[in-house]
Amino acid sequence: MAAMAAQPTQTLRDLLEDNDLPGLQGWLVEHQPYEIADEIARADAVHAVLLFRLLDKDRALTVFEELDPTDQQKVLAGLREPAFRDVVERMAPDDRARLLGEAPAKFARHVLAGLSPREREYTAALLGYPEHSVGRYMTPQTVAVRYHMSAAEALAVVRRKGGDAETVYTLPVIDDRRCFLGTVSLRDLVLSPPDKPVSEIADADTPHVRATADVEEAARLMQDTNVLDLPVTDSENRVLGLLTIDDAFEVIEAADTEDIARQSGSAPWAGHYMSASVVELARSRAVWLLLLIIAATLTVNVLQFFEDTLASVTALALFIPLLVGTGGNAGAQAATAAVRALAVGEVRTRDVLRVAWRECRVGFLLGSMLAVVALVIGTLLVDITVAASVATSLVAVCGWAATIGSTMPLLAKRVGIDPAVISAPLVTTLVDATGLVIYFVVARLVFGL
């Protein structure tokens, strides 16, 4: 399967290297827009622009909207002025706002200058909202129907205005002041008797959010409530637009990608992994590695402090890697579980004590299981006294690591820090140092040092 999947990429690379324009056009015809977008994201700037310019006008826009903002900038930077203006003019306003939100100021001014007055007004309105707010991601091009209309009248409005809207599957229901009253689906309108009032068809319990709300929370709400589109309102409850399901998926994917990067001890980078340079990838990881190596000096200090204990019972040194590795892994597992539970709303910051008590017991249970194994191994390799020290330490270290690993993300969230920043490598480093303290204190008690 892997060889089969790799073949189209290899063929395309050959076509690009040979500058085989007819072959490239044939390849583009045979592949779906999302596949073409992936190859453009992988390609360097010159080849990305070449592929894009070979697409027909309508297909080019579809492919362009599949790209991340960073890759969109890469393509636009290589287009001539007429093509440049045509692409940005035909983009959906919410996609255009996200592109400009991540673009340099000079590039953003160039794009805005080339827009028609109507599209410039749409884009400027979206850019007026905070960076990670729903307002930046909503589509203002929606069809709203009034509550006093009949189903037939509402369908006539959809036919008249639907061509300019991004979606007509979910229709906000409004009063005469455009205040939100609920939603009605296109399916329900079509299946209802023509004379039935919209007010009797509408769902008044449909969730909605303010334009200034956090977009990730809104996307998670859509995921929880299984809605295709989420109405967006202003402070006076007037309908401004819709957050669509495709944009919600992109928000969740971006948030999860960022969390994974931070949990692994690196900064997230923009754009496709295969198009990122070696320097960019190294820079995204360097800061965390520097911080972690500084934090790791705690472990060195602990070893220096208990140097006499190690000198008295040198066999203790044999089990330091086992103890440190186990404690670090236990803490990383708990931290990852806590960050994930926070992200999907399964726990809240006020649950910190419940989570700590829960994970503490999990840690002690795992530590007890591992202690039995360590007791047997330690007895066979050294003696029962050292084995008892290791086994007892494992129980305490696993319980401590799981407690610390689970509570640090929740406490970080409470004080306004991204929980993912309290990443698994940081938890592991801290648990390494504190775990050694527990190990040597236990050893001193067991050996009477």
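Residues numbered from 1 in each chain as written. Predicted model: local features only at pLDDT ≥ 70, side-chain atom pairs only at ≥ 80, totals over all residues. Heavy atoms only, no water.

The UniProt entry lists residues 286-306, 318-342, 362-382, 388-412 and 424-447 under the feature "transmembrane region" (unreviewed entry), expressed in the numbering used here. Helix and strand shares over residues 318-342 are 92% and 0% respectively, and the end C-alpha atoms of the span are 38 Å apart. End-to-end, the C-alpha atoms of residues 362-382 are 29 Å apart, and along that stretch the chain is 95% helix and 0% strand. (UniProt positions renumbered as here; feature names shortened; annotations may be inferred. Helix = DSSP H or I, 4+ residues; strand = E, 2+ residues; numbered from the N terminus.)

What follows deals with the confidence of the model for the protein. The pLDDT averaged across the protein works out to 84; a share of 89% of its residues lies at or above 70. Mean pLDDT across the secondary structure elements of the protein bottoms out at helix H1 (residues 2-18), with 59, and peaks at strand E4 (residues 209-210), with 95. Low pLDDT (under 50) marks residues 1-10, which in the prediction has three contacts with non-local residues, meaning those over four places away or in another chain. (pLDDT = per-residue confidence, 0-100. Contact = heavy atoms within 4.5 Å.)

Turning to helix H12 (residues 151-161), its buried residues number three or more, namely Ala 151, Ala 154, Leu 155, Val 157 and Val 158. Projected onto a plane normal to the axis of H12, the buried residues spread over an arc of 155° and lie on a single side. Exposed residues on H12 whose side chains face more than 90 degrees from its buried face are Arg 159 and Arg 160. Where H12 is buried, its residues meet strand E1 (145-146), strand E2 (170-174), helix H13 (186-191) and helix H14 (198-201). (Buried < 20%, exposed > 50% of the residue type's maximum accessible area, 1.4 Å probe, protein only. Arc of directions from axis to C-beta.)

Bringing the packing of aromatic side chains into the picture now. All told, the structure shown has three aromatic pairs when counted by the stated rule. With a centroid separation of 6.0 Å and 75° between ring planes, the pair formed by Phe 84 and Phe 107 is classed as edge-to-face. Taken together, the positions of Phe 84 in helix H7 (residues 81-90) and Phe 107 in helix H9 (residues 105-113) put the pair 23 residues apart, joining distant regions of the chain. The two residues Phe 84 and Phe 107 agree in class, both being buried. Between Tyr 439 and Phe 440 the ring centres are 5.5 Å apart and the planes differ by 35°, which places this aromatic pair in the tilted class. (Phe/Tyr/Trp six-rings, centres within 6.5 Å; stacked < 30°, edge-to-face > 60°.)

Pairing between the strands of a sheet is mediated by backbone hydrogen bonds and can be parallel or antiparallel. As summarised here, the arrangement of the three strands in space is E1-E2-E3, forming an open sheet in which the pairing is mixed. Looking along the sheet, the strands with just one partner apiece sit at the ends: E1 and strand E3 (180-185). In this sheet, E3 lies alongside E2 in antiparallel orientation, the contact comprising five bridges. Opposite Ile 174, over in E3, you have Phe 180 as the bridge partner. (Pairing = 2+ DSSP bridges.)

Once that is clear, we can look at the nonpolar core. Most often, soluble globular proteins have nonpolar side chains that are buried together. Core analysis: the largest hydrophobic core is formed by 34 residues, its most contacted members being Ile 40, Phe 52, Phe 64, Leu 76 and Leu 79. Ignoring sequence-local partners within four residues, the contact set of Leu 76 consists of Phe 64, Phe 84, Val 87, Val 88, Leu 99 and Phe 107. Core analysis: the next-biggest nonpolar cluster, separate from the first, contains 20 residues, Phe 306, Ala 315, Phe 319 and Val 397 among them. (Core = buried A, V, L, I, M, F, W, Y, C linked by side-chain atoms within 4.5 Å.)

A few words on the pairing of strand E6 (residues 239-244). With five of its six residues buried, E6 lies for the most part within the structure. Taken together, the five bridges between strand E5 (residues 229-233) and E6 define a ladder with antiparallel strand orientation. Looking across to E6, one finds that Val 232 is bridged to Gly 241. Connecting E5 to the next strand, E6, in antiparallel fashion are five residues, including Asn 237 with a positive phi near 70°.

Let's shift gears to the packing of helix H21 (residues 352-381) against helix H22 (residues 384-414). It is the contact of H21 with H22, at a shortest axis distance of 7 Å, that shows an interaxial angle of 155°. Judged on the interaxial angle alone, H22 and H21 are roughly antiparallel. Relative to H22, H21 is oriented so that their crossing is right-handed. Broken down by class, the residue content of the contact of H21 with H22 amounts to 21 nonpolar, nine polar and two charged. (Axes fitted to C-alpha atoms, helices over the stretch in contact; angles between N-to-C directions. Parallel < 35°, antiparallel > 145°, perpendicular 65-115°, else oblique. Left-handed = near helix turned anticlockwise from the far one by under 90°. Nonpolar A, V, L, I, M, F, W, Y, C, P; charged D, E, K, R; others polar.)

Close approach of charged atoms lets side chains of opposite charge pair. For the structure on display, the rule yields 16 salt bridges. For Arg 96, the salt bridge is made with Glu 119, and the minimal N-O distance between the two is 3.0 Å. In this pair, Arg 96 is assigned in helix H8 (residues 93-101) and Glu 119 in helix H10 (residues 117-127), connecting sequence segments 23 residues apart. Like Arg 96, the residue Glu 119 is buried in the burial classification. Put simply, Arg 146 and Asp 176 hold a salt bridge, and the shortest N to O gap is 4.0 Å. Placement of the pair is Arg 146 in strand E1 and Asp 176 in the loop between E2 and E3, with a sequence separation of 30 residues. Each of the salt bridges in this network shares a partner with another, and the network as a whole consists of Asp 94, Asp 95, Arg 98, Asp 247 and Glu 250. (Salt bridge = Lys/Arg side-chain N within 4 Å of Asp/Glu carboxyl O.)

Before going further, it helps to examine the packing of H7 against H9. Two packed helices can be described by the angle between their axes and the distance between those axes. Where H7 contacts H9, the two axes come as close as 9 Å, and the packing angle between them is 80°. Considering the angle they form, H7 stands roughly perpendicular to H9. Note on element contacts: H9 touches H7 through Phe 107, His 110, Val 111 and Ala 113, opposite Glu 81, Phe 84, Arg 85 and Val 88. For the contact of H7 with H9, the class distribution of residues is five nonpolar, one polar and two charged.

Attention now goes to a negative patch on the surface. A cluster of acidic residues, Asp 14, Glu 17, Asp 18 and Asp 20, forms a negative patch at the surface. Within the fold, Asp 20 resides in the loop between H1 and helix H2 (21-30). (Patch = residues over 30% accessible without salt bridge, like charges linked within 9 Å, V, L, I, M, F, W, Y side chains within 5 Å. Areas by Shrake-Rupley, 256 points an atom, 1.4 Å probe, with all protein chains shown as cover. Lys, Arg positive; Asp, Glu negative; His and termini not counted. Charge placed at Lys NZ, Arg CZ, Asp CG, Glu CD.)

Our next topic: helix H4 (residues 45-53). Listing the buried residues of H4 in full gives Ala 48, Val 49, Leu 51 and Phe 52. For H4, the angular spread of buried residues about the axis comes to 160°, placing them on one side. In H4, those exposed residues whose orientation departs by more than 90 degrees from the buried face are Val 46 and Arg 53.

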